[in-house]
Amino acid sequence: RRIRAAARELPNSEVPALGIDPAAAALALAGAAQGELPAHAAEALLAAYGIATGTAPGAPTMRGALAEDAMFGPVLALGPGPAVDLPPLNPVLARALVAQAGVPGGEAAMADLLVRVSQLAVEQPEVAALELDPVHLDAAGPRVAAARIALRRPGRGALAVPPYPPEWIRRHGA
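I will try to describe carefully the structure that is included in this document. (Residues numbered from 1 in each chain as written. Predicted model: local features only at pLDDT ≥ 70, side-chain atom pairs only at ≥ 80, totals over all residues. Heavy atoms only, no water.)

**Points about the overall build of the protein chain**
Move 1: Counting its regular elements, the protein chain contains six helices and seven strands.
Move 2: In sequence order, the protein chain lays out its α and β elements as α-α-β-α-β-β-β-α-α-β-β-β-α.
Move 3: The buried share of the protein chain, reckoned over its 174 residues, is 40%.
Move 4: Contacts in the protein chain between residues at least 24 apart in sequence constitute 63% of all its contacts with a sequence separation of at least 6.
Move 5: Only carbon and sulfur atoms are counted for the fraction: they give 57% of the accessible area of the protein chain, which is about 9100 Å². (Helix = DSSP H or I, 4+ residues; strand = E, 2+ residues; numbered from the N terminus. Buried < 20%, exposed > 50% of the residue type's maximum accessible area, 1.4 Å probe, protein only. Contact = heavy atoms within 4.5 Å. Areas by Shrake-Rupley, 256 points an atom, 1.4 Å probe, with all protein chains shown as cover.)

Right under this line is the structure:
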C-alpha cells in the first residue's frame, strides 16, 4: 500500500537533486575502521550529504536514527515513538514518516533530512548505525546537534528494498 501511494504521488519533479559530495564522503570515511567514527569525521560525512549541524537553543528537538534490523537490514527511525521505515526513502515516503512521527513544524525540511540520511544509508553500506540526537527544528531547518556513527566491516549490510537503478530513472523518470 505504501509503495502504491508513493508511486501515485511521485512526479518526475519529486526526484530530488541532493547535491551530495561523494569526494567529501569518501574523505570522511577514509582510513576509518569498524567501530565508532570520530566526531569530526561524522560531522564531515553529514556535511557531504548536505545535513546541517549546529544548535538552536529553545527550538523543539527530535531524535533520528539509522539502525540495523536482523531481518530487514537498515531501518530509519524518527521521533520518540519512534516512527520507522526502510530506506531508500523518496520525498513522499519521507513526508509520511515525518507525519507519523508528529514532527512539530518544519515537516518539509525534516523530510529532506530523512531523504539525505536514507541516501547515505544506500551509498555508504559500511555505516551500520547513525544516531542524530538531538535534531533541533527551527525556521532555518533541522540542525543536528550531536551525531554518532558506527561502521561495520566492508561488504556487510544490505537494503531490504533496493533503490531504483540510476539508469531506469534516467530512461523512464521516477
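**Focus: helix 3 (residues 39–48)**
Move 1: Turning to helix 3, its buried residues are A41, A42, L45, L46 and A48. On an axial view of helix 3, the arc spanned by its buried residues comes to 160 degrees, and they lie on one face. Seen from the buried face of helix 3, the exposed residues on the opposite side, beyond 90 degrees, are A39, H40 and A47.
Move 2: G50 occupies a position one or two residues after helix 3 and carries a positive phi of about 75 degrees. (Arc of directions from axis to C-beta.)

**Re the nonpolar core**
Move 1: Core analysis: the largest hydrophobic core is formed by 40 residues, its most contacted members being L45, M110 and L130.
Move 2: Considering every element that reaches this core, the biggest residue donor is helix 5 (residues 107–123), with eight residues.
Move 3: Excluding residues that lie within four positions of it along the chain, M110 makes contacts with M62, L78, V98, V103, V135, L137 and P142. (Core = buried A, V, L, I, M, F, W, Y, C linked by side-chain atoms within 4.5 Å.)

**With respect to the packing of helix 2 (residues 22–29) against helix 3**
Move 1: The geometry of helix 2 relative to helix 3 is characterised by a closest axis approach of 8 Å and an angle of 165 degrees between their N-to-C directions. By the criterion of interaxial angle, the relationship of helix 2 to helix 3 is roughly antiparallel. Note on packing geometry: the crossing formed by helix 2 with helix 3 is left-handed. Contacts from A24, A25, A28 and L29 of helix 2 reach helix 3 at A41, A44, L45 and A48.
Move 2: The residue inventory of the contact of helix 2 with helix 3, partitioned by class, reads eight nonpolar, no polar and no charged. (Axes fitted to C-alpha atoms, helices over the stretch in contact; angles between N-to-C directions. Parallel < 35°, antiparallel > 145°, perpendicular 65-115°, else oblique. Left-handed = near helix turned anticlockwise from the far one by under 90°. Nonpolar A, V, L, I, M, F, W, Y, C, P; charged D, E, K, R; others polar.)

**Considerations on unusual backbone geometry**
Move 1: Look at the link from G81 to P82: it is a cis peptide, with omega at -15 degrees.
Move 2: By secondary structure assignment, the location of P82 is in the loop between strand 3 (73–78) and strand 4 (83–85).
Move 3: Here the bond from P87 into P88 is cis, since omega is 5 degrees, no more than 30 degrees from zero.

**Thoughts on the environment of L120**
Move 1: For L120, the position within the fold is in helix 5.
Move 2: Expressed as a C-alpha distance, the spacing of L120 and L45, which sit 75 residues apart in the sequence, is 8.8 Å.
Move 3: In this view, L120 contacts L45, Y49, V127 and L130; residues no more than four positions away in its chain are not counted.

**Re the environment of P38**
Move 1: Mapped onto the elements, P38 comes out in the loop between strand 1 (35–36) and helix 3.
Move 2: Of the residues examined, P38 reaches a relative accessible area of 41% and is grouped as partly exposed.

**Thoughts on the pairing of strand 6 (residues 141–144)**
Move 1: Note: strand 5 (residues 127–138) against strand 6, four bridges, orientation antiparallel. The residue bridging D138 from the neighbouring strand is G141, located in strand 6.
Move 2: Between strand 5 and strand 6, which follow one another and run antiparallel, lie two residues. (Pairing = 2+ DSSP bridges.)

The quantities given are spatial measurements derived from coordinates; they are silent on function.
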